[in-house]
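# Survey of secondary and tertiary structure
One-letter residues, chain by chain:
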Amino acid sequence: LFLKFVIDDKGKKLETTSSTGCPQNLVDSLTDDPSSWENSPLLSVKQITPGGLELLNRTALSMRDIVRKDGGDERLKHRVLASVFYESSTRTSCSFQCAMLRLGGRVVHVDAGKSGNTSHKKGESLSDTIKCLECYSDVTVLRHPVVGSVAAVIQKVTKPVINAGDGIGEHPTQALLDLFTIREELGLIGANGEDRVLNIVLLGDLKHGRTVHSLAKLLARSGMKVKLRYCAPPSLQMPQDVKDYVSQYDLVQEELSDLRSAVQDADVLYVTRVQRERFTFAEDYEKVKGLYVVDEKVMESSPSEMIVMHPLPRVDEIAEEVDSDPRAAYFRQMENGMFVRMAILSLVLGKP
C-alpha cells in the first residue's frame, strides 16, 4: 500500500514525495484557474496554491450567500456523491452530504466501518469498493483509518476522490474550512492584512491529530504571516515531518507545555481532543487525557480578540461554559464547513 511509485489509470508511473505522500504531479495543481480543479482529486493541502485558496474562499463566500438567501441552487442536479466512511464521522459526513443536497445533487452514503454492511466483510479490497461505487456516482468522499489509503485509491480510479481523513495523516477539507474560518473571524477576507503576523496556538493531541497536521501545512503554504505555537504533552508533540515541512516556508515554530503562556498575545487557539482510539494501551491515554482544559479561567487570561476553534467532537478539553463566550468560534467553524465543501464539490464537478 505504501509505495514510493504508483501507477495511474493510464499506466503512467507517478513519483510521490514520500512513501505516503502526495504524487508529485498533484503538488501545486489546484490554482486560481477553475479548470485546474475540475475532475481533480483532493488528497492533500500540498495541491493548493495561494491563488487556489483565494478561488476557494471566494467560491465559499458565494455559497454562503446562496444558502442564506435561497437555501441552495440546482447546479449539481443529477450528479451523485458517494460518501464512504470506514471511520465514524458526524460533521465531515453530514456537511458533505448537505453540501451536495443544497446544490441539487444526490447522495449515496456507505457506512463501511466495523458495524457497517459492505463487502469489506467478505474481503473486498478498498480500491475495488471505490471502483464499484464510481460506476454509480460522479465523485467520492472517502475516510479510511490507514495513512496513505486514499492516495493509493486515487491511482486506481477514474473519477474524483476527496480525502475526508486517512488515519493520522491528512484531513485537507478540514484545514480548508479552518483557514476560511480564521480569515473570516479575524476580518482578513478581502482586507489588507498582509503585514499582520498571526499567533496561532495548536493545542492538545498534535501527534495523532490529522486536522492540525493539515492546518499547519496549509498555513505555511498560504502566504500569510504566521507564528505557530505547539502546546502538547511530551508524548503528543507535533510530528517532526510536519515541523520539517513547515520550516521550508520560514514560519516561526515554538513548542510550549504551559497553556497560559501559550495563549499570551494569541490570535487563534485551536484545540484538539486527545484521541482515545489512536492509543494501543488504555493506561497511556489515561496519563494524558484532561491535561489541558479551556475554561472560563483560561478565557479570562486570554486576549479579548482571540478566537477559540475546535474540529470537534470535544470530550472535556473545552468546558461548556465557554460556549457562550463570543470568542468561541467552533460552531461557526462547523457551519463554514458546509460552505467550503459546497465550494469544493462545485469546483471539482466543474460548476463553480
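Throughout, a residue's number is its position along its own chain's written sequence, starting from 1. A pLDDT threshold of at least 70 governs which residues receive local features in this predicted model, and a stricter bar of 80 or more applies before side-chain atom pairs are shown or counted, although totals over entire chains, interfaces and linings include all residues. Only hydrogens and water are set aside when side-chain values are computed; all heavy atoms of the structure are taken into account.

### As for the packing of helix α5 (residues 172-185) against helix α6 (residues 210-221)
The geometry of α5 relative to α6 is characterised by a closest axis approach of 8 Å and an angle of 55° between their N-to-C directions. The angle between α5 and α6 places the two elements in the oblique class. At the point where α5 passes α6, the crossing takes the right-handed sense. Across the interface between the two elements, P172, Q174, A175, L176, D178 and L179 from α5 touch T211, S214, L215, L218 and L219 from α6. All axes are obtained by fitting lines to C-alpha atoms, using only the stretch in contact for helices, and the reported angles, taken between N-to-C directions, cover 0 to 180 degrees. Only DSSP runs of H or I with at least four residues qualify as helices, and only runs of E with at least two residues qualify as strands; both kinds are numbered from the N terminus onward. In this scheme, roughly parallel covers angles under 35 degrees and roughly antiparallel covers those over 145, while 65 to 115 is roughly perpendicular and the rest are oblique. Each crossing gets its handedness from the near helix: less than a right angle anticlockwise from the far helix is left-handed, clockwise is right-handed. The contact criterion used is simple: two residues touch if any of their non-hydrogen atoms lie within 4.5 Å.

### Some points on the sheet that holds strand β11 (residues 307-309)
Any two strands with at least two DSSP bridges between them are considered paired. Taken in spatial order, the five strands make up an open sheet running β9-β8-β7-β10-β11, and their pairing is parallel. In this open sheet, the two edge strands, each paired with only one partner strand, are β9 (252-256) and β11. Strand-to-strand twist of the sheet, defined as the mean angle between neighbouring strand axes without regard to direction, takes the value 20°. Of the pairings in the sheet, the one linking strand β7 (residues 197-203) to strand β8 (residues 225-231) comprises seven bridges and is parallel in character. Looking across to β8, one finds that V201 is bridged to R229.

### Thoughts on the environment of L142
With respect to the secondary-structure elements, L142 resides in strand β5 (residues 139-144). The spatial distance from the C-alpha of L142 to the C-alpha of I130 is 8.7 Å, given a sequence separation of 12 residues. Setting aside its immediate chain neighbours within four residues, L142 contacts V84, Y86, L126, I130, V150, V153, V161, I162, N163, A164 and G165.

### A look at the side chain of R327
Secondary-structure assignment places R327 in the loop between β11 and α11 (330-348). The classification of residues rests on relative accessible area computed with a 1.4 Å probe and restricted to protein chains. Under 20% of the type maximum is buried, over 50% is exposed, and intermediate values are partly exposed. Classification of R327 by relative accessible area gives buried; the value is 15%. What R327 contacts, discounting residues up to four positions off in sequence, is M299, S302, P303, S304, M306, I307, V308 and R332.

### A closer look at the confidence of the model for the protein
Values of pLDDT, which run from 0 to 100, indicate the predictor's confidence residue by residue. Of the residues in the protein, 89% reach a pLDDT of 70 or more, and the chain-wide mean stands at 89. This model gives residues 1-20 a pLDDT under 50, and the stretch forms 46 contacts once residues within four places in sequence are excluded.

### Let's talk about the nonpolar core
Within this scheme, the nonpolar core is defined by two criteria: the residues are buried Ala, Val, Leu, Ile, Met, Phe, Trp, Tyr or Cys, and they are joined through side-chain atoms within 4.5 Å. Ranked by internal contacts, the top residues of the largest apolar core, which has 66 residues, are L176, I200, L202, L228 and L345. It is α11 that provides the largest number of residues to this core, a total of nine residues. If we skip the residues at most four places from it in the chain, I200 touches I182, L219, V226, K227, L228, R229 and V268. Of all hydrophobic cores here, the second largest spans 19 residues; its members include L259, V298, I318 and V322.

### Some words on the pattern of salt bridges
Criterion for a salt bridge: a side-chain nitrogen of Lys or Arg within 4 Å of a carboxyl oxygen of Asp or Glu. Tallied over the full model, the rule gives 14 salt bridges. A salt bridge links R183 to E54; its shortest N-O distance comes to 2.9 Å. Residue R183 is found in helix α5, and its partner E54 is found in helix α1 (residues 50-70); the two are separated by 129 residues along the sequence. R183 sits in the buried class, given a relative accessible area of 11%. E54 gets classed as partly exposed once you look at its relative accessible area, which sits at 33%. The closest approach of N and O atoms between E184 and R64, which form a salt bridge, is 2.7 Å. Of this pair, E184 sits in helix α5 while R64 is found in helix α1, placing the two residues 120 residues apart along the sequence. By sharing partners, the salt bridges in this structure join R229, E254 and D265 into a single network.

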